[in-house]
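# Coordinate analysis (summary)
Listed below are the residues making up each chain.
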Amino acid sequence: QVRLVESGGRLVPAGDSLSLSCVASGLSVNTHIMAWFRQAPGKERQFVLAITQSDGTWYGDPGKGRFTIGRDNAKSTVYLHMNRLKPEDTAVYYCAAAEFGDISDRTSYRYWGQGTQVTVSS
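Residues numbered from 1 in each chain as written. Predicted model: local features only at pLDDT ≥ 70, side-chain atom pairs only at ≥ 80, totals over all residues. Heavy atoms only, no water.

### What to know about the nonpolar core
- M34, W36, L80, M82 and Y93 are the most contacted members of the largest nonpolar core, which has 26 residues in total.
- Within the residue set of this core, elements represented by two or more residues are β3 (18-25), β4 (33-39), β5 (46-51), β7 (67-72), β8 (77-82), β9 (91-98) and β11 (116-121). (Core = buried A, V, L, I, M, F, W, Y, C linked by side-chain atoms within 4.5 Å. Buried < 20%, exposed > 50% of the residue type's maximum accessible area, 1.4 Å probe, protein only. Helix = DSSP H or I, 4+ residues; strand = E, 2+ residues; numbered from the N terminus.)

See the structure below:
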């Protein structure tokens, strides 16, 4: 059984940094495309960034310039490092895994975590 469990979300002031973790079980994070998406209230789920099996990084608009992704194969964990957070970054952040497909398309992802809430105060 595959499980993705996110953690690290919390309330932070604007300008701060925050790192999220996604621990995977039942799959190998280095044999899947591992991605982060986010969803703000009343909005569509949005692609943030992803890391591929060959360590390539793909950035969605929210992730460009301020966010990075990392992977620790030994810990079966994927990280999202966010810098210079803004109130508009407030959302539930989801970890997702796919074997192949359009990296930025949420329909490519078979496995999802339950999400972790990030709130950025102004």
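### Some remarks on unusual backbone geometry
- Positioned with a positive phi, D55 is a non-glycine residue whose angle comes to about 70°.
- Positionally, D55 belongs in the loop between β5 and β6 (57-59).
- According to the relative accessible area criterion, D55 is exposed, its value standing at 52%.
- For R84, which is not glycine, the phi torsion reads 45° and is therefore positive.

### Things to note about the sheet that holds strand β1 (residues 3-7)
- The 4 strands are arranged β1-β3-β8-β7 in an open sheet whose pairing can be described as antiparallel. Because the sheet does not close on itself, it has two edges, and the strands there are β1 and β7. Each strand of the sheet is rotated relative to its neighbour by a mean of 15°, with strand direction disregarded.
- One ladder, built from 6 bridges, connects β3 with β8; its direction is antiparallel. Across the sheet, the residue bridging to L18 is M82, located in β8. (Pairing = 2+ DSSP bridges. Axes fitted to C-alpha atoms, helices over the stretch in contact; angles between N-to-C directions.)

### Side note on the pattern of salt bridges
- Overall, the coordinates contain 5 salt bridges when judged by the stated rule.
- As a salt-bridge pair, R66 and D89 come within 2.8 Å of each other at their nearest N and O atoms. Placement of R66 in the loop between β6 and β7 and of D89 in the loop between β8 and β9 is noted, with a sequence separation of 23 residues between them.
- Here R66 falls in the buried class, since its relative accessible area comes to 11%.
- Relative accessible area serves as the criterion here: at 1%, D89 is assigned to the buried category. (Salt bridge = Lys/Arg side-chain N within 4 Å of Asp/Glu carboxyl O.)

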